[in-house]
Amino acid sequence: MKPPQSIQISALGSYSPAKVVTNEELSKRVNTSDEWIRSHTGIGTRHIAAEDETTTDLATKAVENLLKASGKHVGDIDGIVVATATPDYPGFPSTACLLAQRFGITGPALDVSAGCTGFIYALEVGRAMIASGAMRNALVVGSETLSTVVDWDDRNTCVLFGDGAGCALLESFEEGEGILDTYLKAEAAGAEALVIDPKSRAIKMDGRAVYSFAVRSIGQTIETLLERNSLTIDDVAWIVPHQANQRIISACAKRLGIDVQKFYLNIEQYANTSAASIPLALAEMQEKGLLKDGQKLLLVGFGAGLTYGGTLLTWHQ
């Protein structure tokens, strides 16, 4: 569904914890190696939150970085939507409310739980609330401390995940294209393939099932958004996928006949940060000067639920 006005990402922010864990360090705990992890996932290192750093703490630092880099003020923010699978509290209060408390924001604040697709879902929630007139703008955040739900003795999962936070400020403008289209889906029949076990509080994953789902869903999302908007892949400057596994992206690129260089990847440094991965990537792209005015970007997420989806947008400086 296309928005009735131009709703654009006007600012980005990110934060990664100071502690970095290398593949070599993990190989001292579980039976693995740097070569195996890199060849199977593309991951080299991951950032891990300190024991006293919460998901809200990471989100707070990402928002502070957004405000500092953009010159925006807290008073400019009407509401907050946070995507996370690792909230500070298992039920309530929401991470969004904890974040709002930190900044003195009194507008709407809510969490979205859609696994690694969380940022795409949250972006659409924020866009829809602006389009409805409920808010003038929305702070959309993806923040995760996945290290708290990883079994560090399970070599099949502990090598995959990291911690981090990224955020985007959505605003309504009279000119420009902004968010052009959003595609959201769920295959709930596959929910058991990727869970945080309620007893062990650790991630359990059917790797083969998730891999097949991811390759298929990425392709479906890209093809759907291009077709619905009468575009070809040549019209898109960058595809920014959820950073789960380099082999997944390579397989999808090959299946679709897309140059893998069109996919922006930073999984080598950050590993899988779930709902934080796409805004982390966007913020890094902005820092590197890769985002140019007028470029079309295609953001693609896939993950627990099983959920998937994408956002097609025009970037404005």
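Engineer: Break down the sheet that holds strand 13 (residues 307-314) for me, with residues and values.
Structural biologist: Spatially, 8-13-12-11 is the arrangement adopted by the four strands of the open sheet, whose pairing is mixed. Because the sheet does not close on itself, it has two edges, and the strands there are strand 8 (179-186) and strand 11 (238-241). Across the sheet, the mean angle from the axis of one strand to that of its neighbour is 10°, orientation sign disregarded. With four bridges connecting them, strand 11 and strand 12 (residues 296-303) associate as parallel partners. What sits directly across from W238, in strand 12, is L297. Packed on one face of the sheet, helix 5 (residues 118-131) meets strand 8, strand 12 and strand 13 and runs near 125° to strand 8. Contacts between helix 7 (residues 207-228) and the sheet are confined to strand 8, strand 11, strand 12 and strand 13, with strand 12 contributing the most and set at about 145° to the helix.

Engineer: Got a sec to walk through unusual backbone geometry? Specific residues and values, please.
Structural biologist: With an omega of 5°, the peptide bond between F92 and P93 qualifies as cis. The residue P93 is located in the loop between strand 4 (80-83) and helix 4 (95-103) in this model. Residue L306 is bonded to the preceding G305 through a cis peptide linkage, with omega at -15°. Locating L306 in the fold gives a position in the loop between strand 12 and strand 13. Here the phi dihedral of R201 falls at roughly 60°; this positive angle occurs in a residue that is not glycine. Looking at the secondary structure, you find R201 in the loop between strand 9 (194-196) and strand 10 (203-205). Here R201 falls in the partly exposed class, since its relative accessible area comes to 45%. Backbone geometry places S230, a non-glycine residue, at a positive phi of 55°. Along the chain, the position of S230 falls in the loop between helix 7 and strand 11. A residue is classified by how much of its surface remains accessible, and S230, at 69% relative accessible area, is exposed.

Engineer: Break down the sheet that holds strand 1 (residues 6-15) for me, with residues and values.
Structural biologist: With respect to topology, five strands assemble into an open sheet ordered 1-7-6-4-5, the strand pairing being mixed. The open sheet has two edge strands, strand 1 and strand 5 (109-112), and neither has a second partner. Pairwise comparison of adjacent strand axes, ignoring direction, gives a mean angle of 20° for this sheet. As paired elements, strand 4 and strand 6 (residues 137-145) share four bridges and run parallel to each other. Following the sheet pairing, A83 is matched in strand 6 by G142. In this fold helix 10 (residues 277-287) packs onto strand 1, strand 6 and strand 7 (163-173), with an angle of close to 90° to the strand it touches most, strand 1.

Engineer: Give me the side chain of D154: which residues, what numbers.
Structural biologist: Here D154 is to be found in the loop between strand 6 and helix 6 (155-158). Within the buried core, D154 has no salt-bridge partner, and the shortest N-O distance to an opposite charge, that of K204, equals 5.2 Å. Here N156 takes part through its backbone nitrogen, which lies 3.1 Å from a polar atom of the side chain of D154. A distance of 3.0 Å separates polar atoms of two side chains, one belonging to D154 and the other to T157.

Engineer: I'd like to hear about helix 10, residue by residue, with values.
Structural biologist: It helps to recall that an α-helix has 3.6 residues per turn; residues three or four apart then point in one direction. With nine of 11 residues buried, helix 10 lies mostly within the body of the structure. Within the sequence span of helix 10, burial applies to S277, I278, P279, L280, A281, L282, A283, E284 and M285. One or two residues past the end of helix 10 sits G289, with phi positive at roughly 75°.

Engineer: Could you give an account of the packing of aromatic side chains, naming the residues involved and the relevant values?
Structural biologist: A complete count under the given rule lists three aromatic pairs for this structure. A network of ring pairs unites the aromatic residues Y183, F213 and Y308 as a single cluster. Of note, R155 hangs over the ring of W36, and the distance from its end group to the ring centre comes to 4.8 Å.

Engineer: How would you sum up the nonpolar core? Please name residues and give values.
Structural biologist: Core analysis: the largest hydrophobic core is formed by 46 residues, its most contacted members being I218, I222, I239, L298 and F302. At the level of secondary structure, the elements contributing two or more residues to this core comprise strand 8, helix 7, helix 8 (246-256), strand 12 and strand 13. For this core, the element with the most residues is helix 7, which contributes eight residues. Residue contacts for I222: discarding those within four places in its chain leaves I233, I239, L256, I258, F263, L298 and V300.

Engineer: I'd like a description of the pattern of salt bridges, backed by residues and values.
Structural biologist: Applying the stated criterion across every chain, the model contains 12 salt bridges. A salt bridge links E171 to K72, with the shortest nitrogen-to-oxygen separation between them at 2.7 Å. Of this pair, E171 sits in strand 7 while K72 sits in the loop between helix 3 (55-70) and strand 4, and the two are 99 residues apart along the sequence. Here E187 and R216 are joined by a salt bridge, their closest N and O atoms 2.7 Å apart. Placement of the pair is E187 in the loop between strand 8 and strand 9 and R216 in helix 7, with a sequence separation of 29 residues.

What counts, and where the lines are drawn
Residues numbered from 1 in each chain as written. Predicted model: local features only at pLDDT ≥ 70, side-chain atom pairs only at ≥ 80, totals over all residues. Heavy atoms only, no water. Pairing = 2+ DSSP bridges. Helix = DSSP H or I, 4+ residues; strand = E, 2+ residues; numbered from the N terminus. Axes fitted to C-alpha atoms, helices over the stretch in contact; angles between N-to-C directions. Contact = heavy atoms within 4.5 Å. Buried < 20%, exposed > 50% of the residue type's maximum accessible area, 1.4 Å probe, protein only. Lys, Arg positive; Asp, Glu negative; His and termini not counted. Salt bridge = Lys/Arg side-chain N within 4 Å of Asp/Glu carboxyl O. Polar contact = N/O pair within 3.5 Å; in protein donor to acceptor, adjacent residues only side chain to side chain. Phe/Tyr/Trp six-rings, centres within 6.5 Å; stacked < 30°, edge-to-face > 60°. Lys NZ or Arg CZ within 6 Å of the ring centre and 35° of its normal. Core = buried A, V, L, I, M, F, W, Y, C linked by side-chain atoms within 4.5 Å.

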